[in-house]
Each structure stands twice: as C-alpha cells, then as structure tokens.
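# Structural overview
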Amino acid sequence: MKTAVLVFPGSNCDHDAYHALKHVVGVDAEFVWHKSSSLGGFDAVVIPGGFTYGDYLRSGAMAKLSPVMGAVRRFAEGGGPVIGICNGFQILLEAGLLPGAMIVNDSLRFVCDYVHLRAGTDRTPFTRGIPVGTVLKIPVAHYQGNYYADEGTLSSLEERGQVVFRYCDSAGNVTRESNPNGSARNIAGICNEGGNVLGMMPHPERCSEIALGSGDGRRLFDAMIAWLAARTA
Amino acid sequence: MKAKIYVTLKRGVLDPQGKAIRTSLSHLGIDGVDDVRVGKFMEVTLKEIGVEEARRRLDEACRRLLANTVIEEYRIEIG
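Keep in mind the model is a prediction, meaning the values are calculated, not measured.

Rules and cut-offs
Residues numbered from 1 in each chain as written. Chains lettered and ligands numbered in written order. Predicted model: local features only at pLDDT ≥ 70, side-chain atom pairs only at ≥ 80, totals over all residues. Helix = DSSP H or I, 4+ residues; strand = E, 2+ residues; numbered from the N terminus. Buried ≥ 20, exposed ≤ 12 C-beta atoms within 10 Å, placed from the backbone. Pairing = 2+ DSSP bridges. Axes fitted to C-alpha atoms, helices over the stretch in contact; angles between N-to-C directions.

All right, on to unusual backbone geometry then. Residues and elements named next belong to chain A. For Leu57, which is not a glycine, the phi torsion comes out positive at approximately 70°. In this structure, Leu57 sits in the loop between strand E3 (44–47) and helix H2 (67–77). If you check the backbone angles, Leu108 has positive phi at about 60° while not being a glycine. Considering the arrangement of structural elements, one finds Leu108 in the loop between strand E5 (101–103) and strand E6 (111–119). According to the C-beta neighbour criterion, Leu108 is exposed, with 12 such atoms within 10 Å.

Take a look at the structure:
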C-alpha cells in the first residue's frame, strides 16, 4: 500500500502530510513532483496545502495545469482515493474535479484556528467508519476558504450526500458563529459523486498526534488505510 | 495587437474586498458610492492574427484559465 504526496512549487504542507502518513499512521508514502505525468503504483493521492505558484491569478489556477493533474484525473476516474487539503481542495475545484469555487473569507482576514467539523457522510474512503454527526476538531489556515457554489449545485451536493464536513460548534450544531470564513451552508469539505475524491479546507495532517493539540485528523488517514485494505482483501 | 481583459466577480457573488473599500471611501468622506466591485485587469499583447481570431483565442483563454466562470465573468476589448 503506497500513498503519493504531490509537490508543486509553493506546496508547504507536503512534509506534514508525509509525516502523518509515514510516521504516524505507518503507511508507505512518497513525494511526487508536479511534473510527473504518472501515478502508477500508488493506491491513494494526497494534494497538500500551501500556496502553489504564489496563488497567482487564483488559488490553484496554475497548479491545475501541471502535468500531474492529468494523472490525478485518470486516477480519480478509476475510483482511486484522492484527498485535497486546503490549497489541495482549491486545486481540485479549479481542475473541475469537484464543483464550486473559493472566494476570499467574509472576514477579509487570514483565519488560523482550530475549528469543529460535523461529519456528513461515511461514504468516502477518508470517512469510512466515522459515523454521521461525529464532531472532529481540526485546524484551518487560509485566506480564501469561503466556499461558493450556486444554489442548484449546493442542493445537488446535499441531495447526493456529497457534503462531507460542515463547520459546527463543539456540540455539533451547525451555526453561523461556527463558520470561520462565510462558506455557503457551512461547507468545509465535499466529495465527488463517486465519493472517492474529497476536498476539505481544514488540515487533518496537522492534528494527527495528540501532542499537536488533537489527534482527530488521524482518523481520516486510518479510515483511508482501512478502506484500501478492504478493497484489496 | 493589444487586448484588454476585465475579470470581475459575478453579480450575486459576495465581494468582501469591494464592501470593505466602499466602507473606507465613506470613512474618507467620499459619499454617494453605492457599491464597489474589485476585479482584475489584464493587458495582452498578441501577434497580428486578426480581431476575430484574437477574440476566439482570448475567449478560450478566459474560459480555461484567466477567469473562473463559477464565480467570475469576463469582458474582452481588442484594439
């Protein structure tokens, strides 16, 4: 079982993701430079956070054109698990692998804080075994995390069970106050129709060890390993 | 030949920067400003390929890269 951690110019959470995978949950991980056009031999793909290409034009707008994104598209179409975190989520949106777009936080401030997330579906490889309604404590760090999609897209996401995480309070109530960036319907993470591609603004790789303030992020990577093990069994 | 491309947020998409600028203008005592929308302006220099062809290529450039049509609209001026 081997996971790919993509590295673009400006990625800065790639080592955190690698550490969480390799040293915390103990799955083989390898960096893959964005100029690679193949993901052969990999079982899962992590698109880490950062500021690819300095966020030129729009967050993720340049990275979507990197050669590796063609490979990610084929990998995703084949049902392989893909998780995009923060800037990785923005790249998935720009690439059209997930619907919607990100705009500037409604506060106009960079937000860097622990938030609570309410799990909305266990159908993704990263939330398998995490019951709907579970509250996870995971940090965010972004300036453009204000999720936007038109009303039709938002309703369709809800109807098809594609809203994976919503910002909530510590008791799991989805409230205006618990929304750190103004995201439509408190959306913090969504998946594609197939469920195998997940994009989320919060950083599970930054909270995969209790010593770092929360171990909740690890649950997503543990779920991914269990999902892969079940698939190959 | 030169072209100008304007990319702006669609009506209905919240523009927090525009809102903040509008508030700042009123703090400066510059009144009567109802709304401010912040966008991007790009100047593109092209080979002499003709206006129609330039428009066709720039339209594709806007759709595929320069604008995100989920949230933005664009306008191309040539010449």
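Having seen the structure, we can now continue with the description.
The next point concerns the sheet that holds strand E4 (residues 82–85) of chain A. Residue and element names in this part refer to chain A. One open sheet accounts for nine strands, arranged E2-E1-E3-E4-E11-E10-E9-E6-E7; its pairing is mixed. Each edge of the open sheet carries a strand with a single partner, namely strand E2 (28–33) and strand E7 (135–142). Shown here is a sheet whose adjacent strand axes are inclined to one another by a mean of 25°, direction ignored. Inspection of the sheet shows strand E9 (residues 163–168) paired to strand E10 (residues 187–191) by three bridges, in the antiparallel sense. What sits directly across from Phe165, in E10, is Gly189.

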